[in-house]
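Structural features, examined
Next come the chains, spelled out residue by residue.
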Amino acid sequence: MTPTTGRRRRSLFAAVAAAALGVLGLAATPAAAQEWRGWNIHAADYPNGVGMDAFTRLVAERTNNRIRMRTFHSAQLGQQDEAIQQMRLGTIDFANFNLSPFNNLAPSTNVVTLPFLFRDVGHMQRAIDGPAGEAIARDLEAIGIVALSWYDAGARSLYTTRPVRAPADLRGMKIRVQTSDLWIDLMRALGANPTPLPFGEVFTSLQSGVIDGAENNWPSYESTRHFEVARFYSTTEHSNVPEVLAVSAQRWRRLNEQERAILRDAARESAAIQRRSWADRERVSRERVVAAGVTVIEIADRAPWAALMEPVYAKYAADARLAELVRAIRGMQ
Ligand code: BDP
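As annotated in an unreviewed UniProt entry, the protein carries the name TRAP transporter substrate-binding protein and is attributed to Roseomonas nitratireducens.

Right, dumping it as structure tokens:
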């Protein structure tokens, strides 16, 4: 046998072996190497992107690159609702989501979205790192999503193209909300016309007058440049809904216990990094929009706003399990 035929035979063997593996549905790459696709709605330098990049780095290091993850930042893999579907199908492997788009799918996420529930960020963190997080993780698992850790998202406030000082000013205004029945009812209770839209369409919708406002935290208001087209920010701080770092159950099922422990630890560490970065960015974003001439309307007394939220609580915290969770959260120190 000449060296050339030897090589040819070997490469023929490799091709047959690869085809056989293909038929069996196995990759022809080294047995355990995995390439995961991650979704992030924000830019890479947003606190959530910083957290996700820390997560993927830690996982790669601790699995000797057996699990390699790549985050596609800036909604490159689509808008939020599609990304949730893709996570459930397993075509996106991991992601960071706000919990509001799960409101219609995972009942306990409504609890942490409820208006004026948390006294401050610390209260929200104790709830999500405790009983609320446990309930939400169970509900998410039932729809094919495994929650690993919780990210901060600050307080959400209203921003509009005309000044809003009291709920009466909102009458008839079209305000963008995330896809969630709770958010639709919340805006209606305030007297506004809720308009569900993907995050990526808010800027042009404000610009063209399709909507008169939206609501979000300081970093999202700033990073999306919504502040250029909606110049009034009213500090209603009506919701502190947090976010989740999650993995598709399709992937999770195929991991062994050691790999799961690595992912859980890395996710918790990434949340600590995200939360630190969040606290800085909230301050910086506020300073940036104020420097850009935005009018900040300080809502000193939130009681008249909170008083209108009765029907939202009656509808979304009515069932015994959720009512109990609300009670437990309120009772937390
Ligand atoms: C931001 C969240 C992001 C949401 C967005 C929104 O971080 O996940 O998609 O709000 O309002 O604060 O759609």
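**Looking at the pairing of strand β2 (residues 67-72)**
The side chains of a regular strand alternate, first on one face of the sheet and then on the other. Judged from the 6 bridges that link them, strand β1 (residues 34-39) and β2 form a sheet pairing that is parallel. Each bridged residue has a counterpart across the sheet, and for W36 the counterpart in β2 is M69. In this region the chain leaves β1, passes through helix α2 (residues 47-62) and returns to the parallel neighbour β2; the handedness of that crossover is right-handed.

**So, helix α11 (residues 257-291)**
Taking 1.5 Å as the rise per residue, α11 with 35 residues should run 51 Å; its terminal C-alpha atoms sit 50 Å apart, in good agreement. Where α11 begins, one side-chain oxygen reaches toward the backbone nitrogen of Q258, 3.1 Å away; that side chain belongs to N256. Positive backbone phi, at 95 degrees, marks G293, one or two positions downstream of α11.

**Here we look at the domain arrangement of the protein**
Looking at the assigned domains, one finds that the protein contains domain 1 (34-153 + 241-281) and domain 2 (156-240 + 286-330). The C-alpha centroid of domain 2 is placed 23 Å from the C-alpha centroid of domain 1. Across the contact, 36 residues belong to domain 1 and 36 residues belong to domain 2. Counting each side, the surface lost to burial between domain 1 and domain 2 is near 3100 Å², with a carbon and sulfur contribution of 59%. Ranking the residues of domain 1 by area buried against domain 2 places P115, F116 and R281 at the top, with a combined share of 23%. The tally of links from domain 1 across to domain 2 stands at 2 salt bridges. In this structure, the salt-bridge partner of D139 is R321, at a minimum N-O distance of 2.9 Å.

**Quick look at the sheet that holds β1**
Taken in spatial order, the 5 strands make up an open sheet running β2-β1-β3-β10-β4, and their pairing is mixed. At either end of the open sheet lies a strand with only one pairing partner, and these are β2 and β4 (145-151). The mean angle between the axes of side-by-side strands here comes to 25 degrees, regardless of whether they run parallel or antiparallel. Pairing geometry for strand β3 (residues 94-98) and strand β10 (residues 243-248), over 5 bridges, is antiparallel. Bridged to F94 within β10 is V247. Those strands touched by α2 are β1, β2, β3, β4 and β10, and its axis lies near 165 degrees from that of β2.

**Points about unusual backbone geometry**
Notably, S74 is not glycine yet its phi reads approximately 55 degrees, a positive angle. With relative accessibility at 46%, the residue S74 sits in the partly exposed group. A positive phi angle, close to 45 degrees, is found at E237, a residue other than glycine. Among the secondary structure elements, E237 is positioned in strand β9 (residues 232-239). Note on E237: relative accessible area 35%, which makes it partly exposed.

**Points about the nonpolar core**
Among the nonpolar cores identified, the biggest contains 61 residues, and F97, L99, F102, L114, L140, L170 and V244 are the most heavily contacted of them. The biggest single contributor to this core is helix α7 (residues 181-189), with 5 residues. When residues are assigned to domains, this core turns out to be shared by domain 1 (34-153 + 241-281) and domain 2 (156-240 + 286-330), each giving three or more. Once you skip the residues sitting within four places of it in the chain, F102 turns out to touch I84, F97, T109, L140, I143, I145 and V244.

**A short note on the confidence of the model for the protein**
Confidence in the prediction for the protein averages 92 pLDDT; 90% of positions are at 70 or higher. For residues 1-31, every residue scores under 50 in pLDDT, and the model assigns this stretch 6 contacts once sequence neighbours within four places are set aside.

Criteria and cut-off values
Residues numbered from 1 in each chain as written. Predicted model: local features only at pLDDT ≥ 70, side-chain atom pairs only at ≥ 80, totals over all residues. Heavy atoms only, no water. Pairing = 2+ DSSP bridges. Helix = DSSP H or I, 4+ residues; strand = E, 2+ residues; numbered from the N terminus. Right-handed = clockwise from strand over helix to strand, strands pointing away. Expected span 1.5 Å × (residues − 1). Polar contact = N/O pair within 3.5 Å; in protein donor to acceptor, adjacent residues only side chain to side chain. Domains from an automatic or database assignment. Contact = heavy atoms within 4.5 Å. Buried area = accessible area lost by both parts, 1.4 Å probe. Salt bridge = Lys/Arg side-chain N within 4 Å of Asp/Glu carboxyl O. Axes fitted to C-alpha atoms, helices over the stretch in contact; angles between N-to-C directions. Buried < 20%, exposed > 50% of the residue type's maximum accessible area, 1.4 Å probe, protein only. Core = buried A, V, L, I, M, F, W, Y, C linked by side-chain atoms within 4.5 Å. pLDDT = per-residue confidence, 0-100.

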